[in-house]
Amino acid sequence: MPFPNSSDLGLPSFTLASIPGLEAAQFWMAILLCSMYILAVTGNCAVLFIVKMEPSLHAPMYFFLCMLAAIDLALSTSTVPRTLSSYWFNVTEISFSACLVQMFLIHTLSAVESTVLLAMAVDRYVAICHPLRHAAILTNAATAKIGLIAMARGVLFFLPLPLLLLPLPFCSSRLLSHSFCLHQDVMNLACANTTPSVVYGLTAILLVMGLDAILICLSYVLILKAVLRLASWKERLKVFSTCIAHVCVVLAFYVPLIGLSVVHRFGKDLAPLVHVTMGNIYILVPAVLNPIIYGVRTKQIQRRILNLIHVFND
């Protein structure tokens, strides 16, 4: 028998995935996940604090980095605490409304992060190919507008996803394949025609993440053409080194995203552990790596971090 429709008083609930086959070690796996979450929160809060306190970092590239830090904090906080309660306290049930809210936050924040990464690629392109116009094009006001556009774009494209699931009835199997709610995962549990939801979800991902990835690649093609026109290899390496941190951050975001999409599309026969692991990697790896990457590549951030360490030691 299907569970009640969302329009009824009794809303369906879902069961979050645990770590199949590793229930005995789940407590320790959760400690690893918690450690990564603490590292992500600490690192991204440090980035926000350092950029605020360091006047030399009050530039578009680092304002975009602050946006990434805020997005990663929101994305990890909307998922990891709920996952930890599932692993540690066996609170695996999540209500339909909470699941839809979590799904909306995950997809919207991912879209906003993708847009910010594109804006950072454009910033690198203008800084390298049109350095004299960089300050005039990417002003602080323009950077703020780009942030607002990124947020509006994410909301407009991904708000329909939970709305398309509202009228659907759900089958007796309500076990999700991740420890949080994703549109594809919830949609697969519906006992009705999900074609509109499938088509819209795929279209939204292609028009946001897919288009952003293409434009980021295009910007780096133009950057490489400009770099290769420089006279010496030393100059080329010096100029392109300013892009290394951004390239690493782009890879940290898109590789887990593509991996998770491939697992959903072709991994029906894979072990459940693969789905759970890929989901946790997608949520936490970018949030952990982003502040580390920019901390290593930015001397001002390194200096501020060392100063903070000395203050705590004293």
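Residues numbered from 1 in each chain as written. Predicted model: local features only at pLDDT ≥ 70, side-chain atom pairs only at ≥ 80, totals over all residues. Heavy atoms only, no water.

Trainee: Help me understand the packing of aromatic side chains in this model?
Mentor: Aromatic ring pairs are described here by two measures, namely the spacing of the ring centres and the angle between the planes. Inspection of every chain in the model, using the stated rule, returns seven aromatic pairs. Summarising the aromatic geometry, the rings of Phe14 and Phe96 are spaced 5.9 Å apart at their centres and angled 40° between planes, so their arrangement reads as tilted. Of this pair, Phe14 sits in strand 1 (residues 13-15) while Phe96 sits in helix 4 (residues 96-129), and the two are 82 residues apart along the sequence. No difference in accessibility class separates Phe14 from Phe96, as the two residues are buried. Summarising the aromatic geometry, the rings of Phe253 and Tyr254 are spaced 4.9 Å apart at their centres and angled 90° between planes, so their arrangement reads as edge-to-face. An aromatic cluster of three or more residues is present, and its members are Phe14, Phe96 and Phe170. (Phe/Tyr/Trp six-rings, centres within 6.5 Å; stacked < 30°, edge-to-face > 60°. Helix = DSSP H or I, 4+ residues; strand = E, 2+ residues; numbered from the N terminus. Buried < 20%, exposed > 50% of the residue type's maximum accessible area, 1.4 Å probe, protein only.)

Trainee: Help me understand the packing of helix 1 (residues 26-53) against helix 2 (residues 60-77) in this model?
Mentor: Axes are the key here: two packed helices are described by the angle between their axes and the distance separating the axes. It is at 9 Å that the axes of helix 1 and helix 2 come closest, and there the two elements cross at 150°. Viewed along their axes, helix 1 and helix 2 adopt a mutual orientation that is roughly antiparallel. Note that helix 1 runs across helix 2; the crossing there is left-handed. The segment helix 1 lies against helix 2, with Tyr37, Ala40, Val41, Asn44, Cys45, Val47, Leu48 and Val51 engaging Tyr62, Leu65, Cys66, Ala69, Asp72, Leu73, Ser76 and Thr77. In terms of residue class, the contact of helix 1 with helix 2 is made up of 12 nonpolar, three polar and one charged. (Axes fitted to C-alpha atoms, helices over the stretch in contact; angles between N-to-C directions. Parallel < 35°, antiparallel > 145°, perpendicular 65-115°, else oblique. Left-handed = near helix turned anticlockwise from the far one by under 90°. Contact = heavy atoms within 4.5 Å. Nonpolar A, V, L, I, M, F, W, Y, C, P; charged D, E, K, R; others polar.)

Trainee: Would you explain the side chain of His264 in this entry?
Mentor: Following the sequence through the fold, His264 ends up in helix 11 (residues 244-266). Note on His264: relative accessible area 15%, which makes it buried. Within the local environment of His264, its side chain forms a polar contact with the side chain of His178, the two groups lying 2.9 Å apart. Those residues within four positions of His264 in sequence are excluded, and the remaining contacts are Ser177, His178, Leu182, Gln184 and Asp185. (Polar contact = N/O pair within 3.5 Å; in protein donor to acceptor, adjacent residues only side chain to side chain.)

Trainee: Help me understand the state of the cysteines in this model?
Mentor: Here, the word disulfide means a covalent bond between the sulfur atoms of two cysteines. Applying the stated criterion across every chain yields a total of two disulfides. A sulfur-sulfur separation of 1.3 Å characterises the disulfide bridge that pairs Cys171 with Cys191. With Cys171 in the loop between helix 7 (160-165) and helix 8 (183-187) and Cys191 in the loop between helix 8 and helix 9 (195-228), this pair connects stretches of sequence that are 20 residues apart. Look at Cys171 and you get partly exposed, because its relative accessible area is 23%. Described in terms of the sequence order of its bonded cysteines, the disulfide pattern of the protein is 1-3, 2-4. Unpaired in this structure, Cys129 has its nearest cysteine sulfur neighbour in Cys243, at a distance of 8.9 Å. For Cys129, a relative accessible area of 23% translates into the label partly exposed. (Disulfide = S-S within 2.5 Å.)

Trainee: Any chance you could explain the pattern of salt bridges here in plain terms?
Mentor: Charged atoms that come close allow side chains of opposite charge to pair. The tally for this structure, following the rule as stated, stands at two salt bridges. Here Asp123 makes a salt bridge to Arg124, at a shortest N to O gap of 2.9 Å. The exposure class assigned to Asp123 is buried, which follows from its relative accessible area of 0%. The exposure class assigned to Arg124 is buried, which follows from its relative accessible area of 12%. One salt bridge connects Asp212 with Arg153, and the closest N-O pair in it is separated by 2.9 Å. In this pair, Asp212 is assigned in helix 9 and Arg153 in helix 6 (residues 140-158), connecting sequence segments 59 residues apart. Asp212 sits in the buried class, given a relative accessible area of 1%. Taking the relative accessible area as the measure of exposure, Arg153 reaches 18% and is therefore buried. (Salt bridge = Lys/Arg side-chain N within 4 Å of Asp/Glu carboxyl O.)

Trainee: Help me understand the UniProt feature "transmembrane region" (unreviewed entry) in the protein, please; the structure alone is not making it clear to me.
Mentor: Taken from the UniProt record, the annotation "transmembrane region" (unreviewed entry) applies to residues 27-50, 62-80, 100-122, 143-166, 198-223, 244-267 and 273-296. Summarising residues 62-80: 89% helix, 0% strand, and an end-to-end C-alpha distance of 26 Å. As a span, residues 273-296 carries 100% helix and 0% strand, and end to end its C-alpha atoms are 33 Å apart. (UniProt positions renumbered as here; feature names shortened; annotations may be inferred.)

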